[in-house]
Amino acid sequence: MALATAASLVVGVGTEVAVYAVAFALYPVAVSSARAAAWGLAGALGGVLVPGAVDAFTARLPIVAPRGNVESFTTAPLTVAVYSITVIAATWALAWSRRIRRRHVAQLAELHTARAIAEERLRIARDVHDVVGHNLSLIAMKAAVANHLGTEREAALRMIEQVSRTALNDIRMVLEDLRADPESTANLDGLVDQTRAAGVDITIDQGDLSSVPAGVRASMYQILRESLTNVRRHARATHCRVTVTVASDALTLAVVDDGAGPGGENPSGHGLLGIRERVAMHGGSLSAGPEPAGGFAVRATLPLPA
């Protein structure tokens, strides 16, 4: 565009729109990167001012004589030069501000993702602390009873065994969050296999997750895990459908079953409350409740960084 503008200024055709054409071409170049913006600004100014100076100081140029009522480098070189610099510089400044804003948005998105992951780790740590602290305290108390009261030793030992098994199961559920790799489709396949093993026929429709940030994928996996856990344990469902849709601005997840039972909170704490927390971390939206035709549905929308 700079070369075409220089040619038009030398010829004397289309000089009125030459500056705007260069500015229009400069904007997307300057938005792309700082290095491209510097070279683009130099090219734009050079494409206008160099042939303009040649036009102003060469008697035989432009080839087509300008009209008397139109300002050009031939009739008013200083005025046209200042005007051209102003238009091009303003375009470059607008592109610069847009590029900086995009960079800030990307940085904020990365920080938001890192914060969401850190909060999730802290939540897991709290869960581990609660499970271990509560159950080990109970085990220690029952062990003391078994040690000092022979008449209740058998009952105390049975209680210790039961509490130990419960604690191990709870720890396994909590540590699944740490072992899960959100980028692996094997985790989703594992959830599907677990649900089918529980007697629930499940179908899954999953979009392409390659463009979804890791933090959003991790939350999506946990929402799926907790929703399907509720389906297996509480819904008394025979069929469940999972739909994951990825758009340009959001990831949408739906888990719909045909069960007759409640879709409420899991007694161990892994239920709708955990789903709400994960959706809230990303500033998304959640709807969960009975379907008009029967069954229960969990629908979550997680915004994607711009």
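Heads up: the structure comes first, above all this text.
Basis of the calculations
Residues numbered from 1 in each chain as written. Predicted model: local features only at pLDDT ≥ 70, side-chain atom pairs only at ≥ 80, totals over all residues. Heavy atoms only, no water. Helix = DSSP H or I, 4+ residues; strand = E, 2+ residues; numbered from the N terminus. Contact = heavy atoms within 4.5 Å. Pairing = 2+ DSSP bridges. Axes fitted to C-alpha atoms, helices over the stretch in contact; angles between N-to-C directions. Phe/Tyr/Trp six-rings, centres within 6.5 Å; stacked < 30°, edge-to-face > 60°. Buried < 20%, exposed > 50% of the residue type's maximum accessible area, 1.4 Å probe, protein only. Arc of directions from axis to C-beta. Core = buried A, V, L, I, M, F, W, Y, C linked by side-chain atoms within 4.5 Å. Salt bridge = Lys/Arg side-chain N within 4 Å of Asp/Glu carboxyl O. Expected span 1.5 Å × (residues − 1). Bend = angle between axes of the 7 residues up to and from the residue. Polar contact = N/O pair within 3.5 Å; in protein donor to acceptor, adjacent residues only side chain to side chain.

Concerning the overall build of the protein
Next up, step 1: Scanning the protein for helices and strands turns up eight helices and five strands.
Next up, step 2: Nonlocal contacts in the protein, meaning residues at least 24 apart in sequence, comprise 67% of its contacts between residues at least 6 apart.

A closer look at the sheet that holds strand 3 (residues 250–257)
Next up, step 1: Strands sit in the order 1-2-3-5-4 across an open sheet of five strands; the sheet is mixed. The open sheet has two free edges, formed respectively by strand 1 (201–206) and strand 4 (285–290), since each of these has just one partner strand. Strand-to-strand twist across the sheet, computed as the mean angle between neighbouring axes with direction ignored, equals 5 degrees.
Next up, step 2: Contacts from helix 8 (residues 272–281) reach strand 4 and strand 5 (296–303), with the element oriented near 20 degrees to strand 5.

Describing the packing of aromatic side chains
Next up, step 1: Counted under the stated rule, the structure contains one aromatic pair.
Next up, step 2: Pairing Tyr20 with Tyr83 gives two aromatic rings, centres 6.4 Å apart and planes at 70 degrees, and the pair type is edge-to-face. Taken together, the residues Tyr20 in helix 2 (residues 15–32) and Tyr83 in helix 4 (residues 77–148) connect sequence positions 63 residues apart.
Next up, step 3: Classification of Tyr20 by relative accessible area gives partly exposed; the value is 44%.

Side note on the side chain of Thr195
Next up, step 1: Among the secondary structure elements, Thr195 is positioned in helix 6 (residues 185–197).
Next up, step 2: Judged by relative accessible area, which is 0%, Thr195 ranks as buried.
Next up, step 3: In contact with Thr195, other than residues within four places in its own chain, are Val200, Ile202, Leu228 and Arg232.

Some remarks on helix 1 (residues 2–11)
Think of an α-helix as turning once every 3.6 residues; residues three or four places apart then point the same way.
Next up, step 1: Those residues of helix 1 lying buried are Thr5, Ala6, Ser8 and Leu9. Summarising the axial view, the buried residues of helix 1 lie within an arc of 165 degrees, below the 170-degree limit, and thus occupy one face.

Some points on the nonpolar core
Next up, step 1: In this structure, Cys240, Val242, Leu251, Leu253 and Val255 are the most contacted members of the largest nonpolar core, which totals 29 residues.
Next up, step 2: Counting residues per element, the ones that place at least two in this core are helix 6, helix 7 (214–235), strand 2 (239–246), strand 3, helix 8 and strand 5.
Next up, step 3: Looking at this core, the element that brings in the most residues is helix 7, giving seven residues.
Next up, step 4: The residues touching Leu251, leaving out its near neighbours within four places in the chain, are Leu209, Val212, Val216, Met220, Val244, Thr245, Val246, Ala300, Thr301, Leu302 and Leu304.
Next up, step 5: Within the second largest apolar cluster, 17 residues are counted, among which are Val48, Phe73, Ala81 and Ala95.

Considerations on the pattern of salt bridges
Next up, step 1: Considering all chains together, one arrives at two salt bridges under this definition.
Next up, step 2: Linking Glu226 and Arg278 is a salt bridge whose minimum nitrogen-to-oxygen distance equals 2.5 Å. Here the residue Glu226 occupies a position in helix 7, and Arg278 occupies one in helix 8, the gap between them amounting to 52 residues. In this structure, Glu226 and Arg278 share a single accessibility class: buried.
Next up, step 3: For the salt bridge of Arg299 with Glu291, the shortest nitrogen-to-oxygen distance reads 3.2 Å.
Next up, step 4: A residue is classified by how much of its surface remains accessible, and Arg299, at 36% relative accessible area, is partly exposed.
Next up, step 5: According to the relative accessible area criterion, Glu291 is partly exposed, its value standing at 22%.

Notes on helix 3 (residues 34–57)
Next up, step 1: Compared with the 34 Å implied by 1.5 Å per residue over 24 residues, the 34 Å span of helix 3 between its first and last C-alpha is a close match.
Next up, step 2: The largest bend in helix 3 is about 30 degrees, located at Gly46.
Next up, step 3: Within the span of helix 3, buried status applies to Ala37, Gly40, Ala44, Gly47, Val48, Pro51, Gly52 and Asp55.
Next up, step 4: Two or three places before Ala36, at the start of helix 3, stands the capping residue Ser33, its side-chain oxygen 3.1 Å from that residue's backbone nitrogen.

All quantities given are derived from atomic positions and should not be read as evidence of function.
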